[in-house]
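Structural overview
Below are the chains, spelled out letter by letter.
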Amino acid sequence: MNTARTIVVGITGGIAAYKAVNIVRAFVLNGDSVHVVATPAALRFIGKPTLEAISRHPVYSELYEGVDEVRHVAIGQSADLIVVAPATANTIAKLAAGLADDLLGNTILASTAPLVIAPAMHTEMWNNPATVANIATLRSRGITIVGPGYGRLTGQDVGAGRMEEPDTIVAAAEAALARSQSHDGVEPSGEPTQDLLNRRILISAGGTREPLDPVRFIGNRSSGKQGVALAEAARARGALVTLVACNLEVAPPAGVEVVSASSTAELRDALRAAADTADVIIMAAAVADYRPQNVQPGKIKKESTGETFTLELVKNPDILAELSATNRDGQVIVGFAAETEADRDRLLNLGRDKIARKGCDYLVLNTVGWSDGFATDSNTVLLLDRLGDIVGEASGSKMSVAHRILDVVV
Ligand code: C5P
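Quick look at the structure, then.

Conventions and cut-offs
- Within each chain, residue numbers correspond to sequence positions counted from 1 in written order.
- A pLDDT threshold of at least 70 governs which residues receive local features in this predicted model, and a stricter bar of 80 or more applies before side-chain atom pairs are shown or counted, although totals over entire chains, interfaces and linings include all residues.
- With hydrogens and water stripped out, all remaining heavy atoms of the structure feed into the side-chain values.
- A strand pair is defined by DSSP finding two or more bridges across the two strands.
- Under the scheme used here, helices are H or I runs from DSSP no shorter than 4 residues and strands are E runs no shorter than 2 residues, and both carry numbers assigned from the N terminus.
- Angular values range over 0 to 180 degrees, each being the angle between N-to-C directions of two axes fitted as lines to C-alpha atoms, with helices fitted over their stretch in contact.
- Two residues qualify as a contact provided that any one of their heavy atoms is within 4.5 Å of a heavy atom in the partner residue.
- Here a helix's expected span is defined as the number of its residues, less one, multiplied by 1.5 Å.
- The buried label goes to any residue with under 20% of its type's maximum accessible area, the exposed label to any with over 50%, and the partly exposed label to all in between, with areas taken from a 1.4 Å probe on protein chains only.
- The reported arc concerns the directions from the helix axis to the C-beta atoms and nothing else.
- Under the rule applied, a polar contact is a pair of N or O atoms within 3.5 Å (in protein, one hydrogen donor and one hydrogen acceptor; residues adjacent in sequence only if both atoms are side-chain atoms).

Describing the sheet that holds strand β5 (residues 144-145)
- As summarised here, the arrangement of the 5 strands in space is β2-β1-β3-β4-β5, forming an open sheet in which the pairing is parallel. Whereas interior strands pair on both sides, the edge strands pair on one side only; in this sheet they are β2 (33-38) and β5.
- As paired strands, strand β4 (residues 115-119) and β5 are joined by 2 bridges and run parallel to one another. Bridging across to β5, I117 finds its partner in I145.

Looking at the sheet that holds strand β19 (residues 390-397)
- A sheet is described by the order of its strands in space; here 8 strands give the open sequence β12-β11-β8-β13-β16-β17-β18-β19, paired in mixed fashion. Only two strands of the sheet have a single partner each, and these edge strands are β12 (257-261) and β19. Taking the axes of each pair of neighbouring strands and ignoring which way they run, one obtains an average angle of 15° across the sheet.
- In terms of strand pairing, strand β18 (residues 378-385) meets β19 through 7 bridges, oriented antiparallel. The partner of T380 across the bridge, within β19, is S395.
- Strand contacts of helix α14 (residues 398-409): β13 (280-283), β16 (332-339), β17 (362-367), β18 and β19, with the helix running at about 160° to β19, the strand carrying the most contacts.

Concerning helix α7 (residues 129-140)
- Between its first and last C-alpha, α7 extends 16 Å over 12 residues, near the 16 Å set by a 1.5 Å rise per residue.
- Every buried residue of α7 is listed here: T131, N134, I135 and L138. The buried residues of α7 occupy an angular sector of 100° when projected down its axis, which confines them to one face. Structural note: α7 exposes P129 and S140 on the side pointing more than 90 degrees away from its buried face.
- Here the buried face of α7 lies against α4 (89-97), β4, α6 (123-127) and β5.
- Capping of α7 at its N-terminal end is provided by N128; its side-chain oxygen lies 2.8 Å from the backbone amide nitrogen of A130.

Below, the structure written as structure tokens:
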């Protein structure tokens, strides 16, 4: 419950306007002060009395009402967050151009609050090059675009363009607000925030190596940069950090206890030894799912293996699932999921299945590929909770992503 926030919900003229009532209601039930700014076209789809009753505030629509209060400036300046849902193709075009020919356009231009928009229109309008370019413009300004979803449209047709469900829009709006408030671990005074003071945090970082023989291994491309950034960020916030370092390509930060592990078996032993006393466990390491069944005592010689060579692999224990199954009360466990799936909805579904399988409290979901995610200095992640809800999003340096993950843990 948060009584301090002022949320402006902009409603524009699309049939999905009736669903905006649920968005207004969700914020009101959360204790927010919600002000609806509806375009005149929106009020042809949904009545002012409904919106006033649900929002518990007058609903404004006209630019030339309440001129003495300079209403657009007053509403815009008071907003902590503006959500436009549904956002029609027309409103999207006006926002991209910075037009202010109605109260909503004026309000948005007069505000510095994060802006979240939920487009809703027919597939052809969504795919129109003008809309595509306008959306790209809004995204490049840091505006959050939620959806649209795919499904049944107003008539018999089915396609992309359906407004996202209200709870998805509210979750994305919360994430945008949290992002804008994220302090990167630093107070306004410039001092590191100490919200993890004396908390014991156990972090695994890097990638495991499964030996085949004394000189070879099966490994992965994880550099350990994200885990190391997490260790450094947690230490700066006052935590007592143990970093289980698996074949790092970067130096571990000063001021943290470092335990080296190479194979999954060693990582498991190191984590088990420290898990009991940890308040938080973050499994950032990329762990091999399989290991060679037999590790040869001497170097495998191609002269003895021939033209093809078959390796028998056995499954490794899932350390994250084991730790989650035995965690003690109050211990927070965070897993990672690196996926090559680029489609956001499918990525989310993979993440939701994974957190259910692993049983951890939070899952940091990111896409990796030949050039993304691994060994780079930046990252883009979604944070899911046990219910599969998005509780955070971050994009930027691995250090800023680390702080955003820790914000959620805190
Ligand atoms: O199943 P997947 O490998 O995608 O799961 C990733 C998460 O599970 C990461 O947090 C990783 O550290 C952890 N993991 C583990 N033990 C394994 C495989 C993955 O703890 N054998």
